[in-house]
Amino acid sequence: MNEKKSNTGLKVIAVLLGVGLLGSLAYTISLYKDREKTKTVLTQEKEYVVNDLTSLQSEYDKAIMESNATNEELVGARDRIAKYIDSVKNMKTDIASLSRYRRQVNTLKKERAFLLRKVDSLTESNSLLVMERDSTYKELSRQTVFNDSLVVQNTQLADAIEKGAALNLAKFSVDAVKERNSGKLVSTSRARSTDKIKVCFSVADNALAQAGDKEFYIEVLDPQGNVLGEGTTKTNENGASLTYSKSTSFYYENRILDVCDYINKPAGDFQKGNYMAIIYDSKLKILAKNEFSLK
């Protein structure tokens, strides 16, 4: 009887132990499943964080490329995100770390929004500056063209005034003369009878010319082309030179003025042949020419 009771008790204990073992095994399996599920969730959350950071990094890359000049703040923010990406990829997956990086991602998004607004504002300001610069360049170009036009007009006007103020001759005559004992001069066409060459010209009236002392130059060439008279040389501002027979001075008052001067007889008699008389102004510009002959 006792043996029967003993066997029954052992069976009960065995059943209880089996039930406990099964419960423990079921609990262990449940814990394992929960841990694997948590690990999967944490892994997914880690990937979400990495994706968010990568997206932020791409936005900074795009903003830097679109910026006309390198923006140090954008570059610095992008480089910090690259470090965060490396840290998240290499970190041990746990809830605390992921929560910390999640908060950091939100902070970085706010920073990105602030920096991009700042860049947009700077870009708009730069665009306005470029427009103002281009407008200024256009105005300067227009003013330069206008000034160049004024310079050309002023130069043309100055040239016109200079030409208009230049003295010209209204008349020019050359005559061989003989001096009688009384001192009277009479015209002659004979070389042996000629004592002087009389050169006369009339300066035309000119309201634009500056009144005052003037000087013209007379050049008389003999039949061989030799210069008669003083044979003095004059050089103008352009480097051109003239060997003239005589200079003649007069006072001009903007009204027509008659001037006469004489080229004296050379050492010997005047030669037979054709002569040339030329009048030059003070700048050695030819005003008139006249030919005459002596027999």
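Our structure is the block above this text.
Calculation notes
Residues numbered from 1 in each chain as written. Predicted model: local features only at pLDDT ≥ 70, side-chain atom pairs only at ≥ 80, totals over all residues. Heavy atoms only, no water. Helix = DSSP H or I, 4+ residues; strand = E, 2+ residues; numbered from the N terminus. Contact = heavy atoms within 4.5 Å. Areas by Shrake-Rupley, 256 points an atom, 1.4 Å probe, with all protein chains shown as cover. Core = buried A, V, L, I, M, F, W, Y, C linked by side-chain atoms within 4.5 Å. Buried < 20%, exposed > 50% of the residue type's maximum accessible area, 1.4 Å probe, protein only. Pairing = 2+ DSSP bridges. Phe/Tyr/Trp six-rings, centres within 6.5 Å; stacked < 30°, edge-to-face > 60°. Disulfide = S-S within 2.5 Å. Salt bridge = Lys/Arg side-chain N within 4 Å of Asp/Glu carboxyl O. Axes fitted to C-alpha atoms, helices over the stretch in contact; angles between N-to-C directions. Polar contact = N/O pair within 3.5 Å; in protein donor to acceptor, adjacent residues only side chain to side chain.

**Here we look at the overall build of the chain**
Each helix and strand counted, the chain has three helices and 10 strands in total. Counting from the amino terminus, the chain carries its helices and strands in the arrangement α-α-α-β-β-β-β-β-β-β-β-β-β. Restricting to contacts in the chain with at least 6 residues of sequence separation, those with at least 24 account for 67%. Working note: accessible area of the chain is about 20,200 Å², and carbon and sulfur atoms make up 52% of it.

**Here's the deal with the nonpolar core**
Membership of the largest hydrophobic core comes to 27 residues, with the highest contact counts inside it found for Leu169, Phe172, Ile197, Phe201, Val203, Phe216 and Ile279. Broken down by secondary-structure element, the contributors of at least two residues to this core are β1 (169-179), β3 (196-203), β4 (212-221), β7 (246-252), β8 (257-264), β9 (273-280) and β10 (286-294). Other than its neighbours up to four places away in sequence, Ile279 contacts Leu169, Phe172, Val199, Phe201, Phe216, Tyr217, Ile218, Lys285, Ile286, Leu287 and Ala288. Core analysis: the next-biggest nonpolar cluster, separate from the first, contains six residues, Tyr217, Ile278, Tyr280 and Leu284 among them.

**Details of the pairing of β9**
Here β4 runs beside β9; their pairing, made up of five bridges, is antiparallel. Directly across from Glu219, in β9, lies its bridge partner Ile278. Strand direction decides the pairing type here: β9 and β10, joined by eight bridges, are antiparallel. In the sheet register, Tyr275 faces β10, and the bridge partner there is Phe292. Counted along the chain from β9 to the antiparallel partner β10, the turn is five residues long, and its residue Leu284 has a positive phi close to 65°.

**Quick look at the packing of aromatic side chains**
Taken as a whole and judged by the stated rule, the model has six aromatic pairs. Ring centres of Phe201 and Phe250 lie 6.3 Å apart, and the angle between their planes is 65°; this geometry places the pair in the edge-to-face category. With a gap of 49 residues between them, Phe201 in strand β3 and Phe250 in strand β7 connect regions that are remote in the sequence. Consider the rings of Tyr217 and Tyr244, whose centres lie 4.8 Å apart with planes at 55°: the pair is tilted. You can see Tyr217 sitting in strand β4 and its partner Tyr244 sitting in strand β6 (residues 241-244), a full 27 residues away along the chain. On the accessibility criterion, Tyr244 (9% relative accessible area) is buried.

**Some thoughts on the state of the cysteines**
Such a bond, covalent and formed between the sulfur atoms of two cysteines, is termed a disulfide. Counted under the stated rule, the structure contains one disulfide. With its sulfur 2.0 Å from that of its partner, Cys200 forms a disulfide with Cys260. Residues Cys200 and Cys260 are joined by a disulfide whose S-S torsion is about 115°; by sign, that bridge is right-handed. Of the two residues, Cys200 is situated in strand β3 and Cys260 in strand β8; the sequence distance between them amounts to 60 residues.

**Regarding the pattern of salt bridges**
Any two side chains of opposite charge can pair, on the condition that their charged atoms come close. Tallied over the entire structure, the rule returns three salt bridges. A salt bridge links Asp269 to Lys265; its shortest N-O distance comes to 2.8 Å. Of the residues examined, Asp269 reaches a relative accessible area of 44% and is grouped as partly exposed.

**Brief notes about the sheet that holds β9**
Pairing between sheet strands relies on hydrogen bonds along the backbone, with the strands arranged either parallel or antiparallel. Reading across the sheet, the four strands line up as β7-β4-β9-β10 and stay open at both edges, with antiparallel pairing between neighbours. Each of the sheet's edge strands pairs with one partner strand only, and the pair in question is β7 and β10. Within the sheet, the average angular offset between the axes of one strand and its neighbour, ignoring direction, is 20°.

**With respect to the side chain of Thr248**
Of note, Thr248 is situated in strand β7. For Thr248, the side chain forms a polar contact with the side chain of Asp261, separated by 3.2 Å. Beyond its immediate stretch of four places on either side in the chain, Thr248 contacts Phe201, Lys214, Glu215, Phe216, Ile218, Val259 and Asp261.

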